[in-house]
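# Observations on the model geometry
For reference, the chains in residue letters:
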Amino acid sequence: MTRRATRSPGARPRRPAAPATAQDALRTLRALESRRGTGGAERALEHWEEAVSESPDVFAASAKALVAGEGFAFTDNERWVLLASLAEFAEDEALAVSSDELADRLDAEASAWPGNVAGQLDEETLRLESPVYLALSEAYSALRTASEVLFLRDIGRADMARALLHDPATWERAMRDGEATLLGLPHIVLAADDDPFGILLP
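First, a word on what this report is: a plain description of the structure on this page. Predicted model only: the values in this text are computed from it and were never measured. (Residues numbered from 1 in each chain as written. Predicted model: local features only at pLDDT ≥ 70, side-chain atom pairs only at ≥ 80, totals over all residues. Heavy atoms only, no water.)

## Comments concerning helix H8 (residues 131–154)
The terminal C-alpha atoms of H8 lie 35 Å apart, and with 24 residues this matches the ideal 34 Å at 1.5 Å per residue to within 8%. Among the residues of H8, Tyr-133, Leu-136, Ser-137, Tyr-140, Leu-143, Arg-144, Thr-145, Ser-147, Glu-148, Val-149, Phe-151 and Leu-152 are the ones counted as buried. Packing partners of the buried residues in H8 comprise helix H4 (56–68), helix H5 (76–89), helix H6 (93–112), helix H7 (123–129) and helix H9 (158–166). Looking one or two residues beyond H8, the residue adopting positive phi is Gly-156, at roughly 85°. (Helix = DSSP H or I, 4+ residues; strand = E, 2+ residues; numbered from the N terminus. Expected span 1.5 Å × (residues − 1). Buried < 20%, exposed > 50% of the residue type's maximum accessible area, 1.4 Å probe, protein only. Contact = heavy atoms within 4.5 Å.)

Here it is in structure tokens:
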């Protein structure tokens, strides 16, 4: 479930205008906080992401609260996970039109590709078989990543933006550790950095 700041074309949610009161804007984030590390955390995370995707007010309030970090029990790595999720939903107005046009072109190319009878081919297969689909997909991903990096910069998290682009080990470690504590998953040790005291590595 490790999050990357990318989404498949067509999967990116639209955020229609759905006003929320100041009191309601953080309700789903508070609910997630109260369930962190329990069996109900994953569903609470889904509810929060649904609210974020549907309401600009919930999106803005969540971003402000997570950047400040005050008044919440989330760890630093959990905040990375949640801010990375917000980045996936973020849209830069100047890039949104081009992203939507590329998503439409990808859908058209997938439909027109001879081997994709009744939409049977998955995205990875299309990327391997269709050079046009591959080029469009990479252009789409670049625009989405640019939008996510702009969001992270604008909220004052240039460290996350740099890690996303240039330091995948730091990004993956923060995502993995944040998800483990947020969702109550086992801590996975893959490298010495994951086990600084040498307890779990042989």
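## Details of the pattern of salt bridges
Considering all chains together, one arrives at eight salt bridges under this definition. Across the salt bridge formed by Arg-43 and Glu-50, the nearest N and O atoms sit 3.8 Å from each other. Arg-43 sits in the partly exposed class, given a relative accessible area of 40%. A single network of salt bridges, built from pairs that share partners, joins Arg-43, Glu-46 and Glu-50. (Salt bridge = Lys/Arg side-chain N within 4 Å of Asp/Glu carboxyl O.)

## So, the nonpolar core
Counting residues in hydrophobic clusters, the biggest one holds 37 residues, and the most contacted among them are Leu-29, Leu-82, Leu-86 and Phe-151. Looking at this core, the elements that each hand over two or more residues are helix H2 (27–35), helix H3 (41–54), H4, H5, H8, H9 and helix H10 (168–183). Take this core: its biggest share by element is eight residues, from H5. Setting aside its immediate chain neighbours within four residues, Leu-86 contacts Trp-48, Val-52, Phe-59, Ser-62, Ala-63, Leu-66 and Phe-151. (Core = buried A, V, L, I, M, F, W, Y, C linked by side-chain atoms within 4.5 Å.)

## Some points on the packing of H5 against H8
When two helices pack together, their arrangement is captured by the angle between the axes and the distance separating the axes. Between H5 and H8, the shortest axis-to-axis distance is 8 Å and the interhelical angle comes to 125°. Of the possible angle classes, the one that applies to H5 and H8 is oblique. Read as a crossing pair, H5 and H8 show a hand that is right-handed. Within the contact between the two elements, H5 uses Leu-83, Leu-86, Ala-87 and Glu-88 and H8 uses Arg-144, Glu-148, Phe-151 and Leu-152. (Axes fitted to C-alpha atoms, helices over the stretch in contact; angles between N-to-C directions. Parallel < 35°, antiparallel > 145°, perpendicular 65-115°, else oblique. Left-handed = near helix turned anticlockwise from the far one by under 90°.)

## Some words on the packing of aromatic side chains
Scanning the entire structure with this criterion turns up three aromatic pairs. When the ring of Phe-72 is compared with that of Phe-74, the centres are 5.7 Å apart and the planes differ by 15°; the resulting orientation is stacked. Given the relative accessible area of 7%, Phe-74 is considered buried. Stacked on the ring of Phe-72, the Lys or Arg Arg-30 has its end atom at 3.8 Å from the ring centre. (Phe/Tyr/Trp six-rings, centres within 6.5 Å; stacked < 30°, edge-to-face > 60°. Lys NZ or Arg CZ within 6 Å of the ring centre and 35° of its normal.)

## Quick look at the packing of H4 against H5
Packing of H4 against H5 brings their axes to within 10 Å, and their N-to-C directions diverge by 150°. The pairing of H4 with H5 is recorded here as roughly antiparallel in orientation. Between H4 and H5 lies a crossing whose hand is left-handed. Contacts between H4 and H5 involve Phe-59, Ser-62, Ala-63, Leu-66, Val-67 and Ala-68 from the first element and Arg-79, Leu-82, Leu-83, Leu-86 and Phe-89 from the second. Its residues assigned to classes, the contact of H4 with H5 shows nine nonpolar, one polar and one charged. (Nonpolar A, V, L, I, M, F, W, Y, C, P; charged D, E, K, R; others polar.)

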